[in-house]
Every structure is written in C-alpha cells, then in structure tokens.
Amino acid sequence: NNARIARVFFEAATKASQDSEDILPQEGGSGEDLSVFNVFSILFPEMVGIAGAGANNKRMRLHFNKIGYQIYGKEQSRRVPSHRAKPGNPGYGFRLARWRDTLDNAEDSSHCEGLLRSISCDETRIERIKCVVQGYRNQWEQVRRPSCPAGPGRPRRNQSPKTHNSDDADSNSSGAAGGGAALGGAAAFSAQRNSHKHARAGGNAEHGFLAVNTDESQTLADEGLW
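The structure displayed is predicted, hence computed values, not measured ones.

(A) Representation of the overall build of the protein within the structure. When you go through the protein residue by residue, the secondary structure sums to nine helices and five strands. Along the chain direction, N to C, the helices and strands of the protein fall in the order α-β-β-α-α-α-β-β-β-α-α-α-α-α. When each of the 226 residues of the protein is scored for burial, the buried share is 35%. With an accessible surface of roughly 13700 Å², the protein has 50% of that area assigned to carbon and sulfur atoms.

What follows is the structure, given as structure tokens:
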C-alpha cells in the first residue's frame, strides 16, 4: 500500500546522520521545492495522484511526513524553509536525516537498490530513482542554511571556538586587572590616612603603608567587590 511504499522510499533514499547540522525539509520554500515529499511525488506519481506535491495535496504530504517523523523525529530549524513564514524564519524538517549518496557511495547504492527491488521496481526505474535522489542531494547541500551563519561577532563554523574563549579570558583578565588597580588606589588613599594605626614597632611609615594596602586589597577581593 501507499504507506509501505513511502516508508521504503524513506529508508532507500535517506539515512540517519551523526552531524547535528543535517536535516531534510518537510516542505518547500519560496523557490524550488526540495522537500522529501516532492522528490517522492516525482518518482512515484501514481502514489500521490495528479495533484503531485502541490498545495492541493496537503493531506497526502501530511501523512507522508508523519512516516518520516516516525523514523527521524521532527525538528524546527532555520536550516529548512517554511512556506508560511517570512524568509529566515524556522521551518520544520526531519531531524539528523540526510540523502543517501546513491551514485558515488557503493554501500548507499546497494542499500537503495535492494529496498526498491522489494517493492517490485524494475532496474530502469531503480536507476532513475538513484539519479534523481543524487541530484536533489547535491542541490540541498548547496542551498542548506547553517544553524549559525557567520556574521558580526560570530565566527564561521570551521573556526575553533577556543580562540575566542581565550580572547574573552584575556579581556576579562585585563578588565579585572584594571578594576583591581583602581580599587588598589582607593585602598592606598585610605591606608595613607590611617598608616599610623597600623605601623609596627621598628618599621617605618612606608612599610606600614604597604602592609595595609595589601591587607585592604585582599579584603576587597574576599568580599567580591571586583
């Protein structure tokens, strides 16, 4: 029946991925429809009817997508388009799913062929399905948006985050040093006024000032004031 063929298509043409960036769209965007259902409607037109993957076949798309969500789960992400949202707003897709490499990967190709033969596809149709899936795979890889696109203050995905963390740490250290210096100056002023109370026998006023300055700076640090 239709549900079985749809599930076989999902398993023959797509696969689970370990890359958190991987996702396949459940619907098309404002441009070309690169959704899984659209590819299915092209390859199995007898299953979806004359409406194809268009707006008049929403119920068929809904049932098809439910099968995909049973396999992969559902995810909302800006990496996939949404018909009803403004450009850049998140759509829904199949989580951690990607197209199989049906032409260049021997394992994917063999897996796809075996499943398609199980639903009585002949060799000519199998080759067409593999070619179409590969074509949509390549298109999707080119237009898919990253989850964190590069922008002001945001590194590209292949840039090591450790660099930025160390920069932040240096900045924080510099800020802390500056704050400590300011508070040290205030402590020095207070210590100068009261140095006669803290001077030790046999010490001079300068040594007493330095000792108080150190003690009060430590007290400020212990109280969390910087």
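Following the structure, the description resumes.
(B) Main features of the pairing of strand β4 (residues 91-95). Of the strand pairs in this sheet, strand β2 (residues 23-25) and β4 are connected by three bridges, and their pairing is antiparallel. When the bridges of β4 are listed, Pro25 appears paired with Gly93. By the bridge criterion, four bridges tie strand β3 (residues 74-77) to β4 in an arrangement that is antiparallel. For Lys74, the partnering residue across the bridge sits in β4 and is Phe94.

(C) Looking closely at unusual backbone geometry. Despite not being glycine, Leu96 shows a phi value in the positive range, around 55°. In this structure, Leu96 sits in the loop between β4 and β5 (97-99). Under the relative-accessibility criterion, Leu96 is labelled partly exposed at 23%.

(D) Local environment of the environment of Val133. One can find Val133 in helix α6 (residues 123-143). Take Val133: its relative accessible area is 0%, and that puts it in the buried class. Distance in space between the C-alpha atoms of Val133 and Ala12 is 9.9 Å, their sequence separation being 121 residues. Once you skip the residues sitting within four places of it in the chain, Val133 turns out to touch Phe9, Ala13, Val39, Leu43, Trp99, Arg100 and Thr102.

Rules used in this analysis
Residues numbered from 1 in each chain as written. Predicted model: local features only at pLDDT ≥ 70, side-chain atom pairs only at ≥ 80, totals over all residues. Heavy atoms only, no water. Helix = DSSP H or I, 4+ residues; strand = E, 2+ residues; numbered from the N terminus. Buried < 20%, exposed > 50% of the residue type's maximum accessible area, 1.4 Å probe, protein only. Areas by Shrake-Rupley, 256 points an atom, 1.4 Å probe, with all protein chains shown as cover. Pairing = 2+ DSSP bridges. Contact = heavy atoms within 4.5 Å.

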